[in-house]
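Okay, here's what each chain looks like letter by letter:
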Amino acid sequence: MSTDIGVWIAAFLTLCIFSFLYKDNPFYKFAEHLFVGVSVGYGIVLTIHQGIIPFAWQPLKNSITGEAPLWRFFVTLIPVGVGFLFFSRLMPRYSWLIRYPIAILIGMGAGFAIPRAMETSIFEQMNGTLRPFGVINSLSAGEIIGAVLMLIGVVCTLTYFFFSVEHKGIVGGISKLGIIFLMIGFGSAFGNTVMGRVSLLIQRVDFLLGDWLGIVG
Amino acid sequence: MIQRFRDVGLPIGLALCWIILFSASTAWGQPAPPTHVEAVDTPNDTGNSITVRWQISPDDKAGAGVDGKMNVVGYHILRSDDPAGPFQLLQEVAGGITEFRDDDGMAGSPAYYYRVRAVDGAGETADSETVGPVKATSEWFHTGKVYILIAVLLYSAILVYCIYHARRGREFFVRRIAGLEAVDEAIGRATEMGRPILYTLGLGGISNIATIASLNILGEVAKRTAEYETPLRVPCYDPIVMNVVREVVRSSYSDAGRPDAYSEDNVFFITDSQFAYAAAVDGIMIREKPAAIFYQGHFYAESLILAETGNSVGAIQIAGTDSDAQLPFFITACDYTLIGEELFAASAYLSREPLIMGSLKGQDYGKALVLAALLVGTVLEIFGVHWVSTFFQAAS
């Protein structure tokens, strides 16, 4: 059995969380609130050290002390000022100002995400689907079947996601095939992830029986 | 009979001595330096690196088929801001490598000069010629993304066209989406049971497309809950998302004519730690026993923990996510699941606003274009014409 107090605390909290499997109880509530409290505290410290200090405080300070040009002070003030608008929510009279940083964030986020989605979800997938057909003569029978199945899967699944067309007749048939392809994909992903979760459980049980109780080596 | 005797001992001896001396000189001397060294500002970056390239030394072990001693085991990348030196060692790389990206302190740095030093197994070295000066600069435009730009512009043009026609009163059809048909049922059930509705937007930040789509759905759900006076609880993972959620819910309550029913306390931040968030939301589910739970947004491994707990309290659950790894869990544990793009179509489906319906139609045209490109591209590829694949390859 472990003599390390840290291991005992970790084991106790693990059991507290596991007790939720029976029902909600004071031990689970204690662990839950501790977990949330610690994570929020840690998050605040992280935000200060990885956000406020390097991106706001340090550039402003460097500009004032002459380590960086003065124009950087004003350039840094722009995002800092926009960030401060989030606090306008605390003053009901000026709470409408919060819409500006929100609009900037959503606009920037969409602008950042759309080209990336276009690249990874369309261009790379299209390239991967088409490429085998360019070298079809050098492929084995199995690889050709794989490439054709991939093409059929993409066409059928894409058809399923047409929303402005009624899914009847040919379109209905193709989209039904599409949903079958989707479910096969989800089934394999499910099995794969369950295996991952089981290994996480094994790791926790190993900690309890090995590191804490010392029953298994 | 006169026999002629020719003494060949001397020439053979000389030849042997020459071979030994030559071997000794090549075995113990300096290795050959790398050739064709060049240093260039890394293209399409933010000015944070310089790329150094070279051809391996003829004596490089990795240079199979190249005549040489094969004893060069690595290279040293040397850098200086003065062509005369002194040059400082920047990085050691293994033999066979022909490129190095220098991203060490490039912000506001001067122009640099580089040398590549071949190092053999005995520690002997040979420097390449000095190359430079090169200064790291940032580019305004990523030339490798031109095709992406073309595609985005084309897609945007289609969207604008559809929205324009929608604004002029053209009606668009939207097929039935089972998960969204159940939204009213879920809200009605919660109202009848007198229990709250729980809505979670997952772990995505405000820049996540799934979060933005989820906000649109939340707006519609909030309108209905305001009409029915059903409490709507929204625990948030991200403080910025929480602020946006408050704005969305507040404006929905106002649109529904019930601004007085809006309570800011019902939209609250929990934590930005994944499993602490999951533990807290589980606790809320068990204690408040919501009649309906919506999981709309981007989720990770906490999806099954949440959905199983929601299932255990008997709530009607409607999930929607673009996280394909989590979809199987939602499909298993929830009553209805919006798969991938159904989440993005949901706001148009729920609101039936012409503007959003127009954009949905535009999305379908975009998908039709992709489908056509795929089918045409496949036929062309089989016949040895690679235009379509080259277009997509160039961009990816």
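Since we're looking at a predicted model, the values are computed, not measured.

Calculation notes
Counting of residues starts from 1 at the beginning of each chain's written sequence and follows it residue by residue. All chains are assigned letters beginning at A, and all ligands numbers beginning at 1, according to the order in which they are written. Owing to the predicted nature of the model, reporting of local features is limited to residues with pLDDT of at least 70; listing and counting of side-chain atom pairs is limited to 80 or more, with chain, interface and lining totals taken over all residues. As a rule here, side-chain values come from all non-hydrogen atoms in the structure, and water together with hydrogens is ignored. Secondary structure is summarised from DSSP: a helix means a run of H or I of at least four residues, a strand means a run of E of at least two, and numbering begins at the N terminus for each. Atoms counted for the radius of gyration: C-alpha only. Globule rule: 2.2 Å times residue count to the power 0.38. Here's how the labels work: a residue is buried when its accessible area is under 20% of the maximum for its type, exposed when over 50%, partly exposed in between, all with a 1.4 Å probe on protein chains only. Any pair of residues with heavy atoms lying within 4.5 Å of one another is described as a contacting pair. A strand pair is defined by DSSP finding two or more bridges across the two strands. The term buried area denotes the loss of accessible surface (1.4 Å probe radius) that occurs when two parts are joined, taken as the sum for both partners. A carboxyl oxygen of Asp or Glu within 4 Å of a side-chain nitrogen of Lys or Arg is what we treat as a salt bridge. N or O atoms within 3.5 Å of each other form a polar contact, as long as, within protein, one can give a hydrogen and the other can take it, and as long as residues adjacent in sequence are counted only when both atoms are side-chain atoms. Residue ranges for the domains originate in an automatic or database domain assignment. In this scheme, a helix's expected span is set at 1.5 Å multiplied by one less than its residue total. What is meant by a nonpolar core is a set of buried Ala, Val, Leu, Ile, Met, Phe, Trp, Tyr and Cys residues, joined one to another through side-chain atoms within 4.5 Å. Angular values range over 0 to 180 degrees, each being the angle between N-to-C directions of two axes fitted as lines to C-alpha atoms, with helices fitted over their stretch in contact.

1. Digging into the overall build of chain A
Looking only at helices and strands, chain A features six helices and zero strands. Reading the secondary structure of chain A in the N-to-C direction produces α-α-α-α-α-α. In terms of C-alpha radius of gyration, chain A reaches 28 Å, well past the compact-globule figure of 17 Å for 217 residues. Along the longest, intermediate and shortest principal axes, the C-alpha atoms of chain A span 65 × 60 × 40 Å. When the 217 residues of chain A are sorted by exposure, 28% land in the buried category. Taking all contacts inside chain A whose residues are at least 6 apart in sequence as the whole, residues at least 24 apart take part in 29%.

2. Topic: the pairing of strand S2 (residues 50-55) of chain B
Residues and elements named next belong to chain B. Where strand S1 (residues 35-41) lies against S2, five bridges are found, and the strand directions are antiparallel. Its bridge partner lying in S2, Glu-38 is registered against Arg-53. In this sheet, strand S5 (residues 99-102) lies alongside S2 in antiparallel orientation, the contact comprising four bridges. Across the sheet, Thr-51 pairs through a bridge with Arg-101, a residue of S5.

3. Side note on the interface of chain A and chain B
Tallying the contact residues gives 56 residues for chain A and 71 residues for chain B. In terms of surface lost to chain B, no three residues of chain A exceed Phe-123, Leu-130 and Phe-163 of chain A, which account for 14% of the buried area on that side. Summed over the shared surface of chain A and chain B, the number is five salt bridges. Note that Arg-287 of chain B and Asp-24 of chain A form a salt bridge whose closest N and O atoms lie 2.9 Å from each other. Applying the counting criterion to the chain A and chain B interface returns 18 residue pairs in polar contact (both at pLDDT 80 or more).

4. Let's talk about the domain arrangement of chain B
In terms of domain boundaries, chain B breaks down into domain 1 (32-134), domain 2 (144-157 + 358-395) and domain 3 (171-352). The C-alpha centroid of domain 2 of chain B is placed 41 Å from the C-alpha centroid of domain 1 of chain B.

5. Some words on helix H6 (residues 274-288) of chain B
Because each turn of an α-helix spans 3.6 residues, side chains separated by three or four positions end up pointing in the same direction. Over its 15 residues, H6 of chain B runs 21 Å from end to end, which matches the ideal 21 Å to within 8%, given 1.5 Å per residue. Within H6 of chain B, eleven of the 15 residues are buried, which leaves the element mostly enclosed by the surrounding structure. Considered for burial, the residues of H6 of chain B that qualify are Ala-276, Tyr-277, Ala-278, Ala-279, Ala-280, Val-281, Asp-282, Gly-283, Ile-284, Met-285 and Ile-286 of chain B. Of the surrounding elements, those touching the buried residues of H6 of chain B are helix H2 (26-65) of chain A together with strand S9 (197-202), strand S10 (232-236), strand S11 (267-269), strand S12 (292-298) and helix H7 (302-312) of chain B. Backbone geometry just downstream of H6 of chain B places Lys-289 of chain B in the positive-phi region, at approximately 45 degrees.

6. Observations concerning the nonpolar core
Counting residues in hydrophobic clusters, the biggest one holds 59 residues, and the most contacted among them are Tyr-199, Leu-232, Val-234, Val-245 and Phe-294 of chain B. Examining the composition of this core, we find that eight residues originate from one element, helix H4 (residues 209-228) of chain B, more than from any other. Counting residues in hydrophobic clusters, the runner-up holds 28 residues, among them Phe-20 of chain A together with Ile-270, Ile-293 and Ala-315 of chain B.

7. Comments concerning the environment of Leu-177 of chain A
Along the chain, Leu-177 of chain A falls in helix H6 (residues 169-212). When sequence neighbours within four positions are dropped, the list of residues in contact with Leu-177 of chain A reads Ile-152 and Cys-156 of chain A.

8. Details of the sheet that holds strand S14 (residues 336-339) of chain B
Residue and element names in this part refer to chain B. Strands sit in the order S11-S10-S9-S12-S13-S14 across an open sheet of six strands; the sheet is parallel. Whereas interior strands pair on both sides, the edge strands pair on one side only; in this sheet they are S11 and S14. Adjacent strand axes in the sheet meet at a mean angle of 15 degrees, parallel and antiparallel pairs treated alike. Note: strand S13 (residues 316-321) against S14, four bridges, orientation parallel. Its bridge partner being in S14, Thr-321 is matched across the sheet by Ile-339.

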